Amino acid sequence: MKYTFPLCILLALCLSVHTTAQQNSESLTTDLRWRNIGPANMMGRIAAVEALNTDYRTVLVASASGGVFKSTNAGITWTPIFDDYGAGSIGAVAFFQPNPDIIWVGTGESANRNSSAYGDGIYKSTDGGKTFQNMGLETTHQIAEIATHPTNPDIAYVAAVGHLWGYSGERGLFKTTDGGKTWEKLTNGLPTAVSSGCTEIIMHPENPDVLFAGFYERLRQPASFKSGGPNGGLFKSEDGGKSWRKITNGLAEGESGMIDVSIHLKNPDIMVMAYEADENIPEGKPGSGVYRSDDGGESWKFLLKHAVRPFYHGQIQIDPLDDDLIYVVSRGFMISRDGGKSFQPPRWRADGGDDHDMWIAPYDSKIMYMATDQGARLTIDGGQNFLSFNNMAIGQYYAVGVDMRKPYWVIGGLQDNGLWMGPSNSRERRGILNEHNTWVAEGDGFHAQIDPTDWRTIYTVNHVGFVARQNVETREYAFITPTPETVVNFKDYFDPNYPETHNWYSIYPGERWFFREDPERPLLPPQFRFNWSTPFIISPNHPQTVYFGSNHLFRSTDRGDSWRIISPDLTTNDPKLRNTSKGGGLTNSNTGGENHFTIMTISESPLNDQVVWVGTDDGNVQVTRNGGESWTNVKKNFPGIPEKIWVSRVEASHHVEGRVYVTFDNHRFDDNKPYVFVSDDFGKNWKDISSNLPEKYSVYVIKEDPEQEGLLYLGSEESVYTSLDNGKSWINMRNNLPTVAIYDLVVHPRDGDLIAGTHGRSIWIMDDLSPLRQMSAEVAKKQLHLFKPKEATKWITIDTGRKQPAFEFRGENPPSGAIVNFYVGQQTSDSATIAVKTLQGEKVFEQKIAVHQGINRTIWPLSGRGMERFYPVSQETMYTYKTHLQWVINELKNRVKKKELIAGLKPISDKLAKAATIDELNAVRSDLVTGYASYAGGETFFGPKPKFSIDEGNYIVSIALGGETVEESIEVENDPLIEE
């Protein structure tokens, strides 16, 4: 059902509803809760891992973008301990080892990726992670390491590498001597350049006054990345950080980059270091790679040239007990077993890769935790076997899509973890398990869509512009990336004199990543550029029509078998920056993350297939009103936006043909403000609707509700917001959602659920948007209002047998029953009563419920155990049941011959005579079945227990509160499986 209100009513709603919301801290939507459906199969990038030095079972895992998890049983179970604070991106964690109740968390992942997010300083817990307090350094953005004093809880050091995308804010090495109340920036002998941050701080295990710090320069921009510079290096202090001197003896000459140091616990004079230098330093000279010191860090010996993306990995560990064992923690993981004389790849298989951190137990070095792009790993036998912790749902989704099955499935692509899909409802009583999810393609996964008319047909996008179509049931697939052979008008756009070659990649993208098969199809020439996350959409008007974006827009009307270019280059096409082959700084590294001057977002109008909007990563917003024959760049019409800002989303309206919503994300220019706009005239004029959104969180996605005009949903770096008044004001709908980046939102077109693809905590669903769709100024004036319920499905329950009781992720299924939403205007201490009756007036359910101001949500259970306590039993049912049980007793008197059994019927008969409730009658039946089953005589004898289950059909639901009663009709349908 569609509810339409004039804009003036919606504006009035702002004054009534949002005043209430502000006064009651988002109380309007408190009951609209999220449920996490996972998956946890593939996990996500881990930035750091830390365990107790005396007991590896107590461990902290810092998710790169999903918060902090703690376990006290070596990962059998995990508790998220950092869900309600200012950042989901984590760079470092540390126990104060003598008292593990003291935990430090440094926010902002420091891995320097194009997808690395930012934090808001250093946090501290003194109760084992139950609560945290922000202790400052809020503008550092990214914290790489934390070092705690071995005995004094008040002394700690923080290595802040600083802003990744600019040189604002604080960076460097900071020390506290009062438990974090105040911080001193250490500078005496350390680099002070605005570009130089601290990426390493490590303390001598026997003398806490001896410290080593690694300083590092790096800068990302949308089309470039530079790692290293003259203002970095290794520094040593012998007076607790009061003074420092630079260590250069034996190290590579020239500029330095990423630095990581590990000190041997048994003999601290032995140290190893991963040191980034110019990868072009000639052989025979100290260069980029692995070094060893045997004199406490005063001089170093070059052991191994190793330059595998050190900006992203660049970590090292030495075994705390055996100095012959050195681990180069990297995508190119290497091990030395002879103190650095030789190095070999590991013999183990950890099913990880892209390693980022390693913790080795100081008392038993066969116990190791690994932090990888594919989650956390544990070995307790020195790497012979690994346990993967796929019980934390920390998937880093870029984009999600849904199908039209019932229940619907969700598909999406993840950072370095392929593309997966799984159900929104498993029907399994234990929840949505990893086994319910399925892998559909490999590589870095991005956009993914499902044909709305055929759930078997899915589309998946891999990094840097490759797309495939697949029958998910048979797993037959077709590569449908546009090529010179499949673009029908390719010759009209091909420029044989284009002055550049293809980008050089350090890790080559391609269709081979999807299914581990290389079709060796021809590539488009270099004049066609594709973003790291290339947009792909299905037309909302014609499901056989799909769009794919490079710097040109491609359209196919046959599901990708052939393509037509329907636009010129829609970007600014800056020749100075468009080829990123030489990126990376000291170490040449290009995997596509800096590909620029590309289309980032596409939206076809649901009202007119000739109207298509495109947003680019260099700030252009382009529109065609004639199916691509001509285009208009409306960027100049936006008020007050930066010149080269990234367009994160365009959303063509479902209600007004000329209306479009646009969000910009400028964090790649060190600007985290929200930029949100709407136009009603095809982009000629724009209105800023960022309103009361927080100033420090970038915006990644906006969606308009397809049924209710003026109802919007928005995803930012930390939460989901809704607006009931077309963006005049926003309500934070985080509720039970953890602080996490929201990269994509989908409103299910049939079910009206809101699906959030998070970059750090997998997929979350808010069931049933009906109350938001039906909220109005008139409703806000009432003390009690019952929203029209959506159709309820009586899902069957499937039990697939015994499962792990603990070491298993369990996503949450939708509520087992009908969702009933109602509004309460003013807070009251009274409880409400929900009741349901048939159309004939027979009451089938009644329950008292507590209420609060704002939207309330309660569940009418439709089936399941224990329902009898909710459902009133009619006198007719009680009489029929009791009469039958009396007949059974009388018949048994004729069938039973044993005297002791005949005598046993007397107390049962007395019990039946006194029975006044359904539970008491069930107890009588149980006594009869237990004692006299053998006398059933091969026929239905004892009769069934009454089943408390609602039949499909129409009912009336009512809410009574404070002398007022409101009611609405509701329809119940059976699970579609019953109909098949």
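Every chain is numbered independently, its residues counted from 1 as its sequence is written. Note on the predicted model: pLDDT of at least 70 is required for a residue's local features to be given, and 80 or more for side-chain atom pairs to be given and counted; whole-chain, interface and lining totals, by contrast, use all residues. Calculated side-chain values reflect all of the structure's heavy atoms, with hydrogen atoms and water omitted.

The name that an unreviewed UniProt entry assigns to the protein chain is WD40/YVTN/BNR-like repeat-containing protein, with the source organism given as Flagellimonas iocasae.

Participant: For this particular structure, what's the right way to read the overall build of the protein chain?
Facilitator: Put simply, DSSP H or I for four residues or longer makes a helix, DSSP E for two residues or longer makes a strand, and each gets a number counted from the N terminus. Assigned secondary structure in the protein chain consists of eight helices and 67 strands. To get the radius of gyration, use the C-alpha atoms; to get the globule rule, take the number of residues to the power 0.38 and multiply by 2.2 Å. The C-alpha atoms of the protein chain give a radius of gyration of 32 Å, which matches the 30 Å a tight globule of 980 residues would have. Reported as C-alpha extents along the three principal axes, the dimensions of the protein chain are approximately 105 × 75 × 55 Å. Relative accessibility under 20% of the residue-type maximum defines a buried residue, over 50% an exposed one, and the middle range a partly exposed one, all with a 1.4 Å probe and only protein chains included. Each of the 980 residues in the protein chain was classed as buried or not, and the buried ones make up 62%. Contacts are assigned to residue pairs with any non-hydrogen atoms lying within 4.5 Å of each other. Once local pairs closer than 6 in sequence are excluded, the contacts in the protein chain between residues at least 24 apart make up 60%. In this charge count, Lys and Arg are treated as positive and Asp and Glu as negative; neither His nor the chain ends contribute. By convention, the point assigned to a charge is CZ for Arg, NZ for Lys, CD for Glu and CG for Asp. Within the protein chain, the 122 negative side-chain charges are centred at a point lying 4 Å from the centre of the 95 positive side-chain charges.

Participant: Can you help me understand the nonpolar core in this one?
Facilitator: Within soluble globular proteins, side chains that are nonpolar tend to cluster in buried spots. Only buried residues count toward a nonpolar core. Its members are Ala, Val, Leu, Ile, Met, Phe, Trp, Tyr and Cys residues joined through side-chain atoms within 4.5 Å. Ranked by size, the top nonpolar core spans 27 residues in total, and within it Tyr713, Leu754 and Leu772 carry the most contacts. Looking at this core, the elements that each hand over two or more residues are strand S56 (742-747), strand S57 (754-758), strand S58 (763-766) and helix H4 (777-781). If you tally residues by element for this core, the top one is S56, at three residues. Residues within four places of Leu754 in sequence aside, it is in contact with Trp34, Tyr713, Val720, Met733, Leu745, Val746, Val747, Trp764, Ile765, Met766 and Leu769.

Participant: Whenever I open this one, helix H7 (residues 918-932) confuses me. Can you help?
Facilitator: Count 3.6 residues to each turn of an α-helix, and residues three or four apart come out pointing the same way. Here a helix's expected span is defined as the number of its residues, less one, multiplied by 1.5 Å. Relative to the 21 Å expected for 15 residues at 1.5 Å per residue, H7 spans 21 Å between its end C-alpha atoms, a close match to the ideal helical length. Turning to H7, its buried residues are Ile918, Leu921, Asn922, Val924, Arg925, Leu928 and Tyr932. One face of H7 carries all of its buried residues, which in axial projection span an arc of 155°. Among the structural elements, helix H5 (875-895) and helix H6 (899-914) are those in contact with the buried residues of H7. In this description, one arc is meant: the one made by directions from the helix axis to the C-beta atoms.

Participant: In this structure, what is going on with the side chain of Ser716? I would like to understand it.
Facilitator: Mapped onto the elements, Ser716 comes out in strand S53 (residues 712-716). If we skip the residues at most four places from it in the chain, Ser716 touches Tyr697, Ser698, Val699, Tyr700, Tyr721, Val740, Ala741 and Ile742.

Participant: When you look at the pattern of salt bridges in this model, what are you seeing that I'm missing?
Facilitator: Side chains carrying opposite charge are able to pair once their charged atoms draw close together. One side-chain nitrogen of Lys or Arg within 4 Å of one carboxyl oxygen of Asp or Glu is enough to make a salt bridge. Evaluation of the coordinates by the stated rule reveals 46 salt bridges. We note a salt bridge from Arg659 to Asp680, for which the minimum N-O separation is 2.5 Å. Taken together, the residues span a long stretch of sequence, with Arg659 in the loop between strand S48 (646-652) and strand S49 (660-665) and Asp680 in the loop between strand S50 (675-679) and strand S51 (687-688) at a distance of 21 residues. Arg659 gets classed as buried once you look at its relative accessible area, which sits at 7%. In this structure, Asp927 engages Lys911 in a salt bridge whose closest nitrogen and oxygen atoms are separated by 2.8 Å. With Asp927 in helix H7 and Lys911 in helix H6, this pair connects stretches of sequence that are 16 residues apart. Among the residues examined, Asp927 registers a relative accessible area of 29% and is labelled partly exposed. Shared partners join several salt bridges into a network, and the residues in it are Lys236, Glu238, Arg245 and Glu298.

Participant: Would you mind going over the packing of H5 against H6 with me for this structure?
Facilitator: For any two helices packed against each other, the geometry is given by the interaxial angle and the distance between the axes. Between H5 and H6, whose axes approach to 11 Å, the crossing angle comes to 165°. Considering the angle they form, H5 stands roughly antiparallel to H6. Viewed along their axes, H5 and H6 form a crossing whose handedness is left-handed. Contacts between H5 and H6 pair Lys882, Leu885, Gln886, Ile889, Leu892 and Lys893 from the former with Leu905, Ile908, Ser909, Leu912 and Ala913 from the latter. As a working rule, the residues Ala, Val, Leu, Ile, Met, Phe, Trp, Tyr, Cys and Pro are called nonpolar, Asp, Glu, Lys and Arg charged, and the rest polar, with Gly in that last group. Here the residues of the contact of H5 with H6 sort into seven nonpolar, two polar and two charged. In this description, a line fitted to the C-alpha atoms serves as the axis of each element, helices being fitted only across the stretch in contact, and the angle between N-to-C directions of two axes falls anywhere from 0 to 180 degrees. Any angle between 65 and 115 degrees counts as roughly perpendicular, while under 35 counts as roughly parallel, over 145 as roughly antiparallel, and the rest as oblique. By the definition used in this description, the sense in which the near helix is turned from the far one sets the handedness, with an anticlockwise turn below a right angle giving left-handed and a clockwise turn giving right-handed.

Participant: What's the story with the sheet that holds strand S2 (residues 46-52) in this structure? I'm lost.
Facilitator: What holds strands together in a sheet is hydrogen bonding between their backbones, with the strands either parallel or antiparallel. Being paired, for any two strands, means DSSP has found at least two bridges between them. Spatially, the four strands line up as an open sheet ordered S2-S3-S4-S5, and their pairing is antiparallel. Two strands bound the open sheet, and with one partner strand each, they are S2 and strand S5 (79-80).

Participant: What should I look at first to understand H5 in this one?
Facilitator: A rise of 1.5 Å per residue sets the reference length of H5, with its 21 residues, at 30 Å; its end C-alpha atoms lie 30 Å apart and thus fit the reference within 8%. Buried residues along H5 sit against H6 and H7.

Participant: What am I meant to see in the sheet that holds strand S37 (residues 466-471) here?
Facilitator: The strand order S35-S36-S37-S38 describes an open sheet built from four strands, whose pairing is antiparallel. Every interior strand has two partners, whereas the edge strands, strand S35 (445-450) and strand S38 (477-479), have only one. Here the average twist between neighbouring strands, direction ignored, is 20°. Pairing between strand S36 (residues 457-462) and S37: six bridges, direction antiparallel. For Ile458, the partnering residue across the bridge sits in S37 and is Gln470.

Participant: Is there a simple way to think about the pairing of S2 in this case?
Facilitator: In summary, the side chains of a regular strand alternate between the two faces of the sheet. The buried fraction of S2 is high, at seven of seven residues. Bridge count for S2 against strand S3 (residues 55-63) is six bridges, and the pairing is antiparallel. Pairing of Leu52 across the sheet is with Asp55, part of S3.

Participant: I would appreciate a short explanation of a negative patch on the surface in the present structure.
Facilitator: A patch consists of residues whose relative accessible area exceeds 30% and which take part in no salt bridge; residues with like charges are grouped when within 9 Å of each other, and nonpolar side chains (Val, Leu, Ile, Met, Phe, Trp, Tyr) when within 5 Å. Per-residue accessibility takes into account occlusion by the displayed protein chains alone, with areas from the Shrake-Rupley method and a 1.4 Å probe. A surface patch of like charges, here negative, comprises Asp951, Glu952, Glu971 and Glu979. Tracing the backbone through its elements, the reader meets Glu971 in strand S67 (residues 964-974).

Participant: Where do I start with the environment of Thr591 in this structure?
Facilitator: Relative to the helices and strands, Thr591 resides in the loop between strand S43 (584-585) and strand S44 (599-604). Taking C-alpha positions, Thr591 is 21 Å from His552, a pair spaced 39 residues apart along the chain.

Participant: Would you mind going over the environment of Ala818 with me for this structure?
Facilitator: Tracing the chain through its elements places Ala818 in strand S62 (residues 818-824). Considering only alpha carbons, one finds Ala818 and Ser874, 56 residues apart in sequence, at a separation of 22 Å. The contact partners of Ala818, leaving out residues within four places of it in the chain, are Ala792, Thr858, Ile859, Trp860, Leu862 and Ile970.

Participant: Can you walk me through the packing of H5 against H7 in this structure?
Facilitator: Across the interface, H5 lies against H7 with an axial gap of 11 Å and an inter-helix angle of 25°. Judged on the interaxial angle alone, H7 and H5 are roughly parallel. Along this stretch, H5 crosses H7, giving a crossing that reads as left-handed. The residues of H7 that touch H5, namely those facing Met878, Tyr881, Lys882, Leu885, Val888, Ile889 and Leu892, are Ile918, Leu921, Asn922, Val924, Arg925, Leu928 and Tyr932. Taken together, the residues of the contact of H5 with H7 break down into eleven nonpolar, one polar and two charged.

Participant: How should the packing of aromatic side chains be read in this particular structure?
Facilitator: The relation between two aromatic rings is expressed through the spacing of the ring centres and the mutual angle of the planes. Note on aromatic pairs: the rings of Phe, Tyr and Trp (six-membered ring only in Trp) are paired at centre separations within 6.5 Å, and the planes decide the class, stacked below 30 degrees, edge-to-face beyond 60, tilted for the rest. Using the criterion set out here, one finds 45 aromatic pairs in the structure. Both rings, one in Phe479 and one in Phe515, keep their centres 6.0 Å apart while their planes meet at 45°; by these two values the pair is tilted. With Phe479 in strand S38 and Phe515 in helix H2 (residues 512-515), the pair connects residues that are 36 residues apart, well separated along the chain. One exposure class covers both Phe479 and Phe515, and it is buried. Through successive ring pairs, a cluster of aromatic residues spans Tyr459, Phe490, Phe494, Phe528, Phe530, Phe536, Phe548, Phe554 and Trp563. Ring-over charges, as used throughout, are those where CZ of Arg or NZ of Lys falls within 6 Å of the ring centre and within 35 degrees of the ring normal. Arg220 extends its terminal NZ or CZ atom over the ring of Phe225, reaching a point 4.4 Å from the ring centre. When the ring centre of Trp455 is taken as origin, the NZ or CZ atom of Arg405, which lies over that ring, is 3.9 Å away.

Participant: Help me understand unusual backbone geometry in this model?
Facilitator: For residues that are not glycine, phi is negative in most cases, and the peptide bond is trans in most cases. The step from Gly38 to Pro39 runs through a cis peptide bond, and the omega angle for that step is 0°. Within the secondary structure, Pro39 sits in the loop between strand S1 (34-38) and S2. Across the junction of Lys406 and Pro407, the peptide omega takes the value 0°, indicating a cis bond. Within the secondary structure, Pro407 sits in the loop between strand S30 (397-402) and strand S31 (409-414).

Participant: Can you walk me through the UniProt feature "domain: Sortilin N-terminal" (unreviewed entry) in the protein chain in this structure?
Facilitator: UniProt positions are given in the numbering used here, feature names are shortened, and annotations may be inferred rather than shown by experiment. Following the UniProt record, the feature "domain: Sortilin N-terminal" (unreviewed entry) maps to residues 122-253 here. The straight-line gap between the two end C-alpha atoms of residues 122-253 is 34 Å; of that span, 0% is helix and 42% is strand.

Participant: What am I meant to see in the pairing of S56 here?
Facilitator: The buried fraction of S56 is high, at six of six residues. Between the end of S56 and the start of S57, which pair antiparallel, lie six residues, with Gly752 showing a positive phi angle near 70°.

Participant: I'm lost on the side chain of Arg292 in this one. Help?
Facilitator: Along the chain, the position of Arg292 falls in strand S21 (residues 289-293). In terms of polar contacts, Arg292 uses its side chain to reach the side chain of Asp294, at 3.2 Å. Pairs of N or O atoms within 3.5 Å make up the polar contacts considered here, provided that, within protein, one atom can donate a hydrogen while the other can accept it, and that residues adjacent in sequence are counted only when both atoms are side-chain atoms. Within the structure, Arg292 has its side chain in polar contact with the side chain of Asp323 (distance 2.9 Å). With sequence-adjacent residues up to four places away left out, Arg292 is seen in contact with Ile270, Met271, Val272, Ser299, Trp300, Lys301, Leu303, Asp323, Ile326 and Gly339.

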